Structures are given as structure tokens and as C-alpha cells.
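Structural features, examined
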Amino acid sequence: MKFLKKKVDRAIDLVFCLVFMPVLIVLSPAYYWLSDWPGFTWLLIACLYGDYFAVRLLNIPKLFVERKYWLIGVILVVLVIGNYILTQYRLPEVTFNAESLTALYNQIRNYSKAIGVWMMFSLVMGYALSMSFIHELYQQLMIKKEVELQRNTAELAVYKAQINPHFLFNTLNSLYSMLIGTSERAEAAFVKFIELVKYTYTGVDRDTVALGEEIRYIRNYIDLQSLRLNGHTKVKWSCDVDDESARIPPMIMITFLENVFKYGTSTHRDCLIDIRLTLKDGLLEFHTENDIIKRVEEFRTEAPVGLENCRARLASLFPDAYELKTEEKDGKFIVDLKIRLS
């Protein structure tokens, strides 16, 4: 999608530089000014190109969507002032025998120059703003389609997980073992399992869920996965959020949890899993850290698949509002996810 965006941007800019501006110069007074006042004309052309790229690079439509109207006003005022200064450019005076004729001619010439400059400025700004708004609308439609695609992919992954017997088999075996001993632990585990399955089925049909629901899902998932672990694997889980009602897409962090328990657990070697979730002032931070227990080659070939899918989903849901870092360090795999929810 980023590659397509760059191609569209490049095409719009090339049309402006190689088609729009040459046609505008030929059809405007600038074509005649080139022979009489080449210095002023080239300065005008350079300023018009600068105005265009300023509008494109500052992305005024995006500022409009973000309701940064004051910044849009500042940008437009600066561009208008710059164009006004250009209209005050002093041209060589043409003199006649009669002073009155000289004054009248120079006044008409300066007025015509100002009109021509404002006309060209208006056309360039009109093209830049219209192309920027059309492009932003196109981008929003593409993002919407990408979100729908990622949501469908996520739903498919969830449904596959639902019919995948491995997690259910391991969990049910652990529950069965506990039933032989104490029924209270089994009952509590069954409750967690039911909540997890219920959330998996109902959450996928919603665009967003309360953060509190996602936290309960994570806790239940960790507790159920911990049933099959022995004393060699330690799991640390911490959560500190200032607003559990904040809305997030469901199961946005499940990929990281699955990888943690897939690659970071052992029945014969001491290892540590560290999972942390915080929300402060609209900034959600999710951190996982685990020892790489599986062979490094196996880890490197399998792990990126789920992570890349998750990265694509994050890019669709939170464009320019998330940061995902993954690294291998000292035999550990570390994930740091930051999402600006507001």
C-alpha cells in the first residue's frame, strides 16, 4: 500500500511539473514576460512550484481531517503573503516624453502583472488543494478496504484457531488432570475457559471492544496456558491502565501472546516470560519478553509470519499512530508495541 501511495504521489507531481505548469506558462502572461522580464518570470515560476510542493508536503487535507484549522490558516496566510510580496517586485520603468503617459503605462503594467501573478497563484493552489483532497479521499478509501481485508483475515485466523484442536486438547488434558484432585481449581479454570471462548466468538464480530474486556481475555489466556507449564517456566504479568473503557480492536495482541507461549516455554529448562500492559493518557503500551527456547532457525522461519500479519493490521487500523519494535537480544525475543488511542 505504501508503494502504491508513492506511485500515485509521483504521478500527481509529474503531471503538475511536466503538464500543468508548462501549459499554464504558455497560456498566461508569463509566456510574454519571459522575454521582457526573465529574472522576475523565473522567480515567479520557482515560487509557484514552491507553493505547490508546500501544499502537497504539508498535507492540508490531513490537517483538515485532524481539525487543525489554525495550522491550515497559518499555512495559507504565509503563502498568500509570499505571493503578495512577489506582486510588489519592482520592474524596470518604461519612460515616455510625457510624464503622465509614463506614470499611466507603468501603473497599468504593474496592475496587469499583479493580476497575472494572482491568477497563476490561484490556479496552482486550486490544483494542489484539489489533487491533495482527491488523493486523501482515495487514501481513506484504500485504508478502509485494507481494514476490512485485515479484519476478514483476522476473523479467518480466529475461526482457524477455533477449530484447531491443539490448544483445546492441551487445555482439556490439564483440566482433566485437575479434576482428579481438586474440583475448585477445575471449576475456576472452566470458567476462564468459557469466558475465553465466548470472547473469541463474540469479539471478532465487533470493530472495537473495551480495553477491560481485552485485559480479561489476556488474563484468561495466560492462566489457561499456564496450566500446562511446570516449575521451569515463570510467567510475569502486570497491568496498569487509567481507563478500561478505552476502545481498541479485539484480539489485537493475541499474536504476541501466542508467540510468547509457543517459543518461550520449556519443561526442562528455567525460563521467564514477561508480559506488561499499560495505558496512560491515551498511550497504550504492550511489552512481551521471552527466552527463545526453540531452535533459532525454527524461530526465525516461523515467527515473522504472524508478526507481519499483525503489523499490517496495525498499519491499517492505526496509520501514523502506532509503533511496533521487535528484536532478538541475548537469547530473548522482545516486543514493544505503542498505540496512540487518543
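Okay, so let's go over this structure. (Residues numbered from 1 in each chain as written. Predicted model: local features only at pLDDT ≥ 70, side-chain atom pairs only at ≥ 80, totals over all residues. Heavy atoms only, no water.)

Turning next to the environment of tyrosine 111. Mapped onto the elements, tyrosine 111 comes out in helix 6 (residues 99–163). By relative accessible area, tyrosine 111 is classed as exposed at 58%. Distance in space between the C-alpha atoms of tyrosine 111 and threonine 87 is 9.0 Å, their sequence separation being 24 residues. (Helix = DSSP H or I, 4+ residues; strand = E, 2+ residues; numbered from the N terminus. Buried < 20%, exposed > 50% of the residue type's maximum accessible area, 1.4 Å probe, protein only.)

This part covers the pairing of strand 5 (residues 283–291). In the sheet, strand 4 (residues 271–280) pairs with strand 5 via 8 bridges, with the strands oriented antiparallel. If you follow lysine 280 over to strand 5, its bridge partner there is leucine 283. Counted along the chain from strand 4 to the antiparallel partner strand 5, the turn is 2 residues long, and its residue aspartate 281 has a positive phi close to 55 degrees. For strand 5 and strand 7 (residues 332–340), the ladder comprises 9 bridges, and the chain directions are antiparallel. Paired with threonine 288 across the strands is valine 335, a residue of strand 7. (Pairing = 2+ DSSP bridges.)

Moving on to the packing of aromatic side chains. Enumeration over the complete set of coordinates arrives at 16 aromatic pairs. Judged by centre distance (6.2 Å) and plane angle (35 degrees), the rings of tyrosine 217 and tyrosine 221 are tilted. Note that tyrosine 217 and tyrosine 221 are positioned in helix 9 (residues 211–226) at a spacing of 4 residues, about one turn of the helix. Accessibility assignment for this pair places tyrosine 217 and tyrosine 221 in one class, buried. Each member of the aromatic cluster is reached from another via a ring pair, and the members are Phe16, Phe20, Tyr49, Tyr52, Phe53 and Tyr127. Looking at lysine 113, its charged tip hangs above the ring of phenylalanine 40, at a distance of 5.7 Å from the centre. (Phe/Tyr/Trp six-rings, centres within 6.5 Å; stacked < 30°, edge-to-face > 60°. Lys NZ or Arg CZ within 6 Å of the ring centre and 35° of its normal.)

Here the focus is a negative patch on the surface. Residues Asp242, Asp243, Glu244 and Asp281 make up a contiguous surface patch of negative charge. Structurally, the position occupied by aspartate 281 is in the loop between strand 4 and strand 5. (Patch = residues over 30% accessible without salt bridge, like charges linked within 9 Å, V, L, I, M, F, W, Y side chains within 5 Å. Areas by Shrake-Rupley, 256 points an atom, 1.4 Å probe, with all protein chains shown as cover. Salt bridge = Lys/Arg side-chain N within 4 Å of Asp/Glu carboxyl O. Lys, Arg positive; Asp, Glu negative; His and termini not counted. Charge placed at Lys NZ, Arg CZ, Asp CG, Glu CD.)

Another aspect to go through is the nonpolar core. Met253, Phe256, Phe261, Phe286, Leu314 and Leu337 are the most contacted members of the largest nonpolar core, which totals 39 residues. Take this core: its biggest share by element is 7 residues, from helix 9. Residues contacting leucine 314, with those up to four places away along its chain left out, are Ile252, Pro319, Tyr322, Leu324, Leu337 and Ile339. The next biggest cluster of nonpolar side chains, apart from the first, holds 28 residues, and it includes Met21, Leu24, Trp33 and Trp37. (Core = buried A, V, L, I, M, F, W, Y, C linked by side-chain atoms within 4.5 Å. Contact = heavy atoms within 4.5 Å.)

With that out of the way, let us pick up the packing of helix 3 (residues 38–58) against helix 5 (residues 69–87). Where helix 3 meets helix 5, the closest approach of the two axes is 11 Å, and the angle between their N-to-C directions is 175 degrees. As far as their axial angle goes, helix 5 and helix 3 are roughly antiparallel. Across the interface between the two elements, Phe40, Leu43, Leu44, Cys47, Asp51, Ala54, Val55 and Leu58 of helix 3 pack against Ile75, Leu79 and Leu86 of helix 5. A class-by-class count of the residues in the contact of helix 3 with helix 5 yields 10 nonpolar, no polar and 1 charged. (Axes fitted to C-alpha atoms, helices over the stretch in contact; angles between N-to-C directions. Parallel < 35°, antiparallel > 145°, perpendicular 65-115°, else oblique. Nonpolar A, V, L, I, M, F, W, Y, C, P; charged D, E, K, R; others polar.)

What follows is about the packing of helix 9 against helix 10 (residues 254–263). Orientation of helix 9 relative to helix 10, taken along the N-to-C sense of each, is 15 degrees, at an axis distance of 11 Å. The orientation of helix 9 with respect to helix 10, classified from their angle, is roughly parallel. As for how helix 9 packs across helix 10, the hand of that crossing is right-handed. Two secondary-structure elements touch here, helix 9 through Tyr217, Ile218, Tyr221, Ile222 and Gln225 and helix 10 through Ile254, Leu257, Glu258 and Phe261. The class makeup of the residues in the contact of helix 9 with helix 10 is 7 nonpolar, 1 polar and 1 charged. (Left-handed = near helix turned anticlockwise from the far one by under 90°.)

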